[in-house]
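So you can see what is in the structure, the chains are spelled out below.
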Amino acid sequence: LQDRVKDAVIGEAPDGPAALVSVEEQTWDLVIADLSLPGMSGLELIKELRRVKPTLPALVLSMHPPSQFARRALSAGAIGYLTKDSQLDEFLTAIE
């Protein structure tokens, strides 16, 4: 992992509204969002991210199968959709 992701600064938010505050107050290269968030859904979060930081990429990492939500996440503005059982290499490739 260290060979592929260097100098990563990672932040975490307890819910969707806190994630939006963090995005507005700090500079991030990527947001990794779950669909099931307290305070607002991940789809709502991604739509808001597109509004406040249109160039900030958002990747969805979810327990929900892609057949249920991937198209909706991409339509909301996500750059990709992975399930939590995805292989580490697939996850790293999506981040890169």
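(A) Broad picture of the overall build of the protein chain. From N to C terminus, the protein chain includes four helices and three strands. Seen in sequence order, the protein chain has helices and strands lined up from the N terminus as α-β-α-β-α-β-α. Considered along the principal axes of its C-alpha atoms, the protein chain spans approximately 35 × 30 × 25 Å. Taking all 96 residues of the protein chain together, the buried fraction comes to 31%. Accessible area for the protein chain stands at about 6,300 Å²; split by element, carbon and sulfur atoms hold 52% of it. Taken together, the 9 basic and 14 acidic charged side chains of the protein chain have centroids lying 7 Å from each other.

(B) Region of interest: helix 1 (residues 16-25). Of the residues making up helix 1, those classed as buried are Gly16, Ala19, Leu20 and Val23. Each buried residue of helix 1 lies within a common arc of 100° when the element is viewed along its axis, so the set occupies one face. Buried residues belonging to helix 1 abut strand 1 (31-33) and helix 2 (42-52). Where helix 1 begins, the side chain of aspartate 15 points an oxygen toward the backbone nitrogen of alanine 18, at a separation of 2.8 Å.

(C) Region of the structure containing the nonpolar core. With 20 residues, the main nonpolar core has Val31, Leu45, Leu49, Val60 and Tyr81 as its most contacted residues. For this core, the secondary structure elements donating two or more residues are helix 1, strand 1, helix 2, strand 2 (58-62) and helix 3 (66-76). The contacts of leucine 49, once residues within four sequence positions are left out, are Leu20, Val23, Val31, Pro54, Leu56 and Ala58.

(D) Fine view of the packing of helix 2 against helix 3. The contact between helix 2 and helix 3 brings their axes to 8 Å, and the two run at 20°. If you check the angle between helix 2 and helix 3, you find them roughly parallel. Relative to helix 3, helix 2 is oriented so that their crossing is right-handed. Of the residues in helix 3, those touching helix 2 at Leu43, Ile46, Lys47 and Arg50 are Phe69, Arg72, Ala73 and Ala76. Residue composition of the contact of helix 2 with helix 3, by class: five nonpolar, no polar and three charged.

(E) Representation of the sheet that holds strand 3 (residues 80-83) in the model. The sheet built from three strands is open, its strands ordered 1-2-3 with parallel pairing. Edge positions in the sheet fall to strand 1 and strand 3, since each of these pairs with one other strand and no more. Strand-to-strand twist in this sheet, taken as the mean axis angle between neighbours without regard to direction, amounts to 25°. Docked against the sheet, helix 3 engages strand 2 and strand 3, running at close to 155° with respect to strand 3.

Criteria and thresholds
- Residues numbered from 1 in each chain as written.
- Predicted model: local features only at pLDDT ≥ 70, side-chain atom pairs only at ≥ 80, totals over all residues.
- Heavy atoms only, no water.
- Helix = DSSP H or I, 4+ residues; strand = E, 2+ residues; numbered from the N terminus.
- Buried < 20%, exposed > 50% of the residue type's maximum accessible area, 1.4 Å probe, protein only.
- Areas by Shrake-Rupley, 256 points an atom, 1.4 Å probe, with all protein chains shown as cover.
- Lys, Arg positive; Asp, Glu negative; His and termini not counted.
- Charge placed at Lys NZ, Arg CZ, Asp CG, Glu CD.
- Arc of directions from axis to C-beta.
- Contact = heavy atoms within 4.5 Å.
- Polar contact = N/O pair within 3.5 Å; in protein donor to acceptor, adjacent residues only side chain to side chain.
- Core = buried A, V, L, I, M, F, W, Y, C linked by side-chain atoms within 4.5 Å.
- Axes fitted to C-alpha atoms, helices over the stretch in contact; angles between N-to-C directions.
- Parallel < 35°, antiparallel > 145°, perpendicular 65-115°, else oblique.
- Left-handed = near helix turned anticlockwise from the far one by under 90°.
- Nonpolar A, V, L, I, M, F, W, Y, C, P; charged D, E, K, R; others polar.
- Pairing = 2+ DSSP bridges.

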